[in-house]
Amino acid sequence: MRIQHLKTGLLFLSIACFVACRNKDEKFLTTPTNASDSIYYAQGFLLETHADYTLLSIINPWNRSKILQRYVLAPKDADLSPHLPQGVVVRIPLDRTVAFSAVVCGMMNELGVLSSLQGIAEPQYVAIPAVQEAVRAEKIQDIGRASQPNIEQLIMMEPEMLFSNPVNETGTENFNGVSSPTLPCLEWMESHPLGQAEWIRVFGRLFGLAEKSDSLFHATVSAYNQLKDKATQAVQRPTVLMEKKYGDIWYMPGGKSYFAHLLADAGADYLFRDNDESGSVPYSFETVLERAEQADFWLFRYYSPQPLDYQQLAREYANYTLFDACRRHKIFVCNTLSKANYYSELPLHPDWLLADLIAIFHPELTPHYQKKYYVEL
């Protein structure tokens, strides 16, 4: 998810600058020579456009001083340059691909390139009608679980690219026995909502749709920032509790996480923001109760064929009723089963979720808005 294009010294200088800037609210995270290569929010990739190829570098999110892989994207309708840098040569636009996540399918759907999809892992979790129809018609093959795909199937399909979805560094390598290149899709490691959205630009380069992908991204940025500006008009910032316990542990979004950014931009005071974690942070129930008993709102996601209500929540765990938000019926939930497009839509459209959050915390700012994902319990 090893190559040298510039001189070694310049390469390490570039990476050092990238790392130094990663936590700053700067306009660009890189200083490209080509304006179309500018990276605005994402921390996980770099672009470098040349006359006869584009260099795509995937940053290692577990060690951001390193590059996981470089891809040399060269047009199919032109001869390969004899002076290409080192890297995995990928002829673009791609025509035959395999996806390992709903997010990738969502990005491809936005670009209008689902016709290139030959196979997909765990298609039951991809709520895109065109994908479901193609799977039923066997135009898209079910390759099994993302963690254990059918290798023989992948070899027979001969895709031009596998879009993997690794959950750790060891999962970023190519699949044994499969000659097709693998691109680790690590948008989920981005801590800023617009950083996730910016990965559409990676797919735009791979499918020869750079201009379209840039346009989609900038439209999302504009919509998101307009909503963020609207939220600043709120007089108060309500306090918020997130998620619910799993077993004995309550996993809370970290203070630098995707959702923590959304809550702040929606004009809310997230009670567990006092850490630098971008992933989930485990807490005991007692710690959560001590800190968030008087939270104004409580939001969580769940996955169930049946809608949840307050009585069921209390039966699930009686001590949930100790929270003010439960007693005052200020709980908002998202059933990711009934809102099936939640995971495929939101990476490119965090503005849609931001609009929901503003409507929950500050309904006076958007009085006619109909929430898309979260509803009152």
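Predicted model only: the values in this text are computed from it and were never measured. (Residues numbered from 1 in each chain as written. Predicted model: local features only at pLDDT ≥ 70, side-chain atom pairs only at ≥ 80, totals over all residues. Heavy atoms only, no water.)

**With respect to the overall build of the chain**
And then number 1: Helices and strands together make up the secondary structure of the chain, namely 13 helices and 17 strands.
And then number 2: Radius of gyration (C-alpha) of the chain: 22 Å, near the 21 Å computed for a compact globule of 377 residues.
And then number 3: Its C-alpha atoms give the chain principal-axis dimensions of roughly 70 × 45 × 40 Å.
And then number 4: As displayed, the chain offers around 18100 Å² of accessible surface, 50% of which is attributable to carbon and sulfur atoms.
And then number 5: Charge separation in the chain, taken as the distance between the mean sites of 33 positive and 43 negative side-chain charges, equals 2 Å. (Helix = DSSP H or I, 4+ residues; strand = E, 2+ residues; numbered from the N terminus. Rg over C-alpha atoms; globule rule 2.2 N^0.38 Å. Areas by Shrake-Rupley, 256 points an atom, 1.4 Å probe, with all protein chains shown as cover. Lys, Arg positive; Asp, Glu negative; His and termini not counted. Charge placed at Lys NZ, Arg CZ, Asp CG, Glu CD.)

**Looking at the packing of aromatic side chains**
And then number 1: With the rule as written, the count across this model stands at 22 aromatic pairs.
And then number 2: Measuring from ring centre to ring centre gives 5.3 Å for Phe45 and Trp199, while their planes differ by 75°; the resulting arrangement is edge-to-face. Of the two residues, Phe45 is situated in strand 1 (residues 45–49) and Trp199 in the loop between helix 5 (193–197) and helix 6 (200–206); the sequence distance between them amounts to 154 residues. Here Phe45 matches Trp199 in class, with each residue buried.
And then number 3: Ring plane angle 85° and centroid distance 5.8 Å describe the contact between Phe285 and Phe323, whose orientation is recorded as edge-to-face. Taken together, the residues span a long stretch of sequence, with Phe285 in helix 9 (residues 285–292) and Phe323 in the loop between helix 10 (310–316) and helix 11 (324–327) at a distance of 38 residues. (Phe/Tyr/Trp six-rings, centres within 6.5 Å; stacked < 30°, edge-to-face > 60°. Buried < 20%, exposed > 50% of the residue type's maximum accessible area, 1.4 Å probe, protein only.)

None of the figures reported here should be taken as evidence of function without further support.
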